[in-house]
Amino acid sequence: MPALLLLVGCAGGSDATKKDLDAMRAELQAVRKDNEELQRKVDALSGRVEVITARLSQAPQPAQPPAAAAPVVPPDLAVVRVEPPRAARTPPPPVPTAVPIAEPDPGRVAALSRRSGHEIAQDADEELRRARGKAGASRAHALEDFAARYPRHASADNALVEAAAAYADAGKPQAACDLARRCVSEYPAGDAMSDALERLAWCESRRGDAGAERTLLERLVSDFPRTPAAERAAQRLATISGQGGEPPPGPARSGP
C-alpha cells in the first residue's frame, strides 16, 4: 500500500492514474471479501471436525477377539496304539436275562373266575326282595333300578308294574305312566302285561282320552279274559257305558 501511494504521488495525479488506482482498490476489496468468506468456511469445517472427533472418542470400542487358546494336545505328541492282552480280548460269559414265568395258583384262579349263573340269580332275587320291602318313592326307585340291572330276570316286568304303582301312590302319575308304557313295549309276552295295560288305561282316563281308555280296556278283556285285571276292566267298561265314564280310582296294586 505505501508503494501504491508513492506511485500515485510520483505520477502527478493524472486522471488515468486515478482510474487505475480505483480499479486496483476495488480488486483489493473483492480479494479481501473472498478471503473473509473462505475463512468463515474454514472455521465452520474446523468446528464440525472437532464435534465428530469428540463423538468418535466417546463411542464404545469393538471387543477384541480372544486370543487363540493353546492346544490341549501338543501337536508333536505321537499316538501309539496299544494292543490289549490276549486274555482281555476274550468275550465275557453270557448273562441270563430271561425272566422265569411263575405258574399261577390254581386256587386263586378259581376264586377270581366268573361267578355262576345260579349265584347271580340268587343275588337278583335278594335285591328284588329288598326292593319290595321298601315303601313310597323309595320302593319305586328300588324296583326301577332292579329292572334296569336285571332286564332278563323273570320278574323284571313285574318290577316295572310294581314301581309304576308305587309312583302313583307317591303322587307321581307321569312316572307311573312312563313305566307302564315301558313294560308294554319291552315285555309284550310277560305275565305282567295285563296289569301294565290296566295301568295305561288309568293313565288315559286321567288325560281325559275316553276313546284310548276304552280301547285298552277292550283289549284287556279280549286278550286276558281270566285275569283279575280283565274283570276290573269289564266293570270299568260297564261304568263308562252306563254312567258317562267317571275316572277310575286306579288299578289294583300288583305284585307282593
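Look a little higher up for the structure.
These remarks concern the structure in this document. (Residues numbered from 1 in each chain as written. Predicted model: local features only at pLDDT ≥ 70, side-chain atom pairs only at ≥ 80, totals over all residues. Heavy atoms only, no water.)

Secondary structure assignment for the chain yields 10 helices and 0 strands. In the chain, the succession of helices and strands from N to C terminus is α-α-α-α-α-α-α-α-α-α. Within the chain, the fraction of its 256 residues that count as buried is 24%. Once local pairs closer than 6 in sequence are excluded, the contacts in the chain between residues at least 24 apart make up 45%. Accessible surface computed for the chain: about 18900 Å², of which carbon and sulfur atoms make up 58%. (Helix = DSSP H or I, 4+ residues; strand = E, 2+ residues; numbered from the N terminus. Buried < 20%, exposed > 50% of the residue type's maximum accessible area, 1.4 Å probe, protein only. Contact = heavy atoms within 4.5 Å. Areas by Shrake-Rupley, 256 points an atom, 1.4 Å probe, with all protein chains shown as cover.)

The next subject is the nonpolar core. Leu143, Phe146, Leu160, Leu179, Val184, Leu197 and Leu217 are the most contacted members of the largest nonpolar core, which totals 36 residues. Elements that contribute at least two residues to this core include exactly α4 (117–132), α5 (136–149), α6 (156–169), α7 (173–186), α8 (193–207), α9 (210–223) and α10 (228–243). The contacts of Leu143, once residues within four sequence positions are left out, are Leu128, Ala131, Arg132, Ala159, Glu162 and Ala163. (Core = buried A, V, L, I, M, F, W, Y, C linked by side-chain atoms within 4.5 Å.)

Moving on, we come to the side chain of Glu213. With respect to the helices and strands, Glu213 occurs in helix α9. There is a polar contact of 2.8 Å between the side chain of Glu213 and the side chain of Arg236. (Polar contact = N/O pair within 3.5 Å; in protein donor to acceptor, adjacent residues only side chain to side chain.)

The next point concerns the packing of α6 against α8. Contact geometry of α6 with α8 gives a least axis separation of 10 Å together with a crossing angle of 30°. With respect to their mutual orientation, α6 and α8 come out roughly parallel. Between α6 and α8 lies a crossing of left-handed hand. Contacts between α6 and α8 involve Val161, Ala164, Ala165 and Ala168 from the former and Asp195, Ala196, Arg199 and Trp202 from the latter. For the contact of α6 with α8, a count of residues per class yields 6 nonpolar, no polar and 2 charged. (Axes fitted to C-alpha atoms, helices over the stretch in contact; angles between N-to-C directions. Parallel < 35°, antiparallel > 145°, perpendicular 65-115°, else oblique. Left-handed = near helix turned anticlockwise from the far one by under 90°. Nonpolar A, V, L, I, M, F, W, Y, C, P; charged D, E, K, R; others polar.)

With that settled, consider the pattern of salt bridges. Evaluated as defined, the whole model comprises 14 salt bridges. Here Glu126 ties to Arg130 by a salt bridge, and the two come within 3.6 Å at their closest N and O atoms. Residue Glu126 and its partner Arg130 are both found in helix α4; the two are separated by 4 residues, about one turn of the helix. The partner of Glu198 in a salt bridge is Arg232, with the nearest N and O atoms 2.7 Å apart. Taken together, the residues Glu198 in helix α8 and Arg232 in helix α10 connect sequence positions 34 residues apart. You can call Arg232 partly exposed: its relative accessible area is 28%. What you see here is one network of salt bridges that share partners, running through Glu126, Arg129 and Arg130. (Salt bridge = Lys/Arg side-chain N within 4 Å of Asp/Glu carboxyl O.)

The next point concerns the state of the cysteines. Here the structure, examined in full by the defined rule, presents 1 disulfide. A sulfur-sulfur distance of 2.0 Å marks the disulfide that ties Cys177 to Cys203. Judged by the sign of its S-S torsion, about -105°, the bond between Cys177 and Cys203 is left-handed. Here Cys177, found in helix α7, pairs with Cys203, found in helix α8; they are 26 residues apart in sequence, far enough to count as distant. The exposure class assigned to Cys177 is buried, which follows from its relative accessible area of 7%. (Disulfide = S-S within 2.5 Å.)

Glancing now at the environment of Asp157. Topologically, Asp157 is positioned in helix α6. Reaching out from Asp157, the side chain makes a polar contact with the backbone nitrogen of Asp191 at a distance of 3.2 Å.

A few words now on the side chain of Asp157. The side chain of Asp157 is buried and forms no salt bridge, while Arg132, the nearest opposite charge, is found at 7.8 Å. In terms of polar contacts, Asp157 uses its side chain to reach the backbone amide nitrogen of Ala192, at 3.3 Å. (Lys, Arg positive; Asp, Glu negative; His and termini not counted.)

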